[in-house]
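Examining the three-dimensional arrangement
Here is what each chain is made of, one letter per residue.
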Amino acid sequence: MKLPLLSLLLLCAGAAHAAEPAESCDQIRAQIAAHAGMPERPNTALLAKVGANRKCRFTSAEAYRAAWGDKPLPKDDRPARRAKHREHDDD
């Protein structure tokens, strides 16, 4: 559920900051790598740079790190989807 919300944030942030001067993909990736710690709120300025630069083809992991730094991904408590389709001994 967090990933669709993150995607929506990327789109909104990218549209809001489209007029900013362009930075190179390497410069933005360096900023993402330097974003350390676990902020209480997402870094929308850095996230906007990620969303505005589609040519850089940032991964979802890079986008998450741009927003949340070192904050771990939330755990998915749902059972694995494959579990429904596994064959059981009693089948």
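The following refers to the structure shown.

Parameters at a glance
- Residues numbered from 1 in each chain as written.
- Predicted model: local features only at pLDDT ≥ 70, side-chain atom pairs only at ≥ 80, totals over all residues.
- Heavy atoms only, no water.
- Axes fitted to C-alpha atoms, helices over the stretch in contact; angles between N-to-C directions.
- Helix = DSSP H or I, 4+ residues; strand = E, 2+ residues; numbered from the N terminus.
- Left-handed = near helix turned anticlockwise from the far one by under 90°.
- Contact = heavy atoms within 4.5 Å.
- Nonpolar A, V, L, I, M, F, W, Y, C, P; charged D, E, K, R; others polar.
- Disulfide = S-S within 2.5 Å.
- Buried < 20%, exposed > 50% of the residue type's maximum accessible area, 1.4 Å probe, protein only.
- Phe/Tyr/Trp six-rings, centres within 6.5 Å; stacked < 30°, edge-to-face > 60°.
- Lys NZ or Arg CZ within 6 Å of the ring centre and 35° of its normal.
- Salt bridge = Lys/Arg side-chain N within 4 Å of Asp/Glu carboxyl O.

1. Focus on the packing of helix α2 (residues 25-34) against helix α3 (residues 44-52)
Closest axis-to-axis distance for the α2/α3 pair is 11 Å, and the angle between their directions is 145°. Taken as a pair, α2 and α3 cross one another with a handedness that is left-handed. Listed contacts from α3 to Ile28, Gln31 and Ile32 of α2 are Leu46, Lys49 and Val50. Looking at the contact of α2 with α3 residue by residue, the class counts come to four nonpolar, one polar and one charged.

2. Concerning the state of the cysteines
In protein structure, a disulfide is the covalent linkage between the sulfur atoms of two cysteines. Within this structure, the stated rule accounts for one disulfide. There is a disulfide in this structure between Cys25 and Cys56, and the S-S distance comes to 2.0 Å. Measuring the twist about the S-S bond at about -85°, one finds the Cys25-Cys56 disulfide to be left-handed. Of this pair, Cys25 sits in helix α2 while Cys56 sits in the loop between α3 and α4 (60-68), and the two are 31 residues apart along the sequence. The class of Cys56 is buried, set by a relative accessible area of 7%.

3. Considerations on the side chain of Asn53
Here Asn53 lies in the loop between α3 and α4. Filtering out sequence-adjacent residues up to four positions away, Asn53 remains in contact with Glu23, Ile28 and Phe58.

4. Structural notes on the packing of aromatic side chains
Across all of its chains, the model carries zero aromatic pairs by this definition. The ring of Trp68 has Lys71 lying over it, and the distance from NZ or CZ to the ring centre is 4.3 Å.

5. Remarks on the pattern of salt bridges
In the structure shown here, the tally under the stated rule is three salt bridges. The partner of Lys49 in a salt bridge is Glu23, with the nearest N and O atoms 2.9 Å apart. In this pair, Lys49 sits in helix α3 while Glu23 sits in the loop between α1 (2-16) and α2, placing the two residues 26 residues apart along the sequence. Glu23 gets classed as partly exposed once you look at its relative accessible area, which sits at 21%. Salt-bridge contacts for Arg65 lead to Asp70; the nearest nitrogen and oxygen are separated by 2.9 Å. Look at Arg65 and you get partly exposed, because its relative accessible area is 26%.

Functional significance is not addressed by these values, which are geometric in nature.
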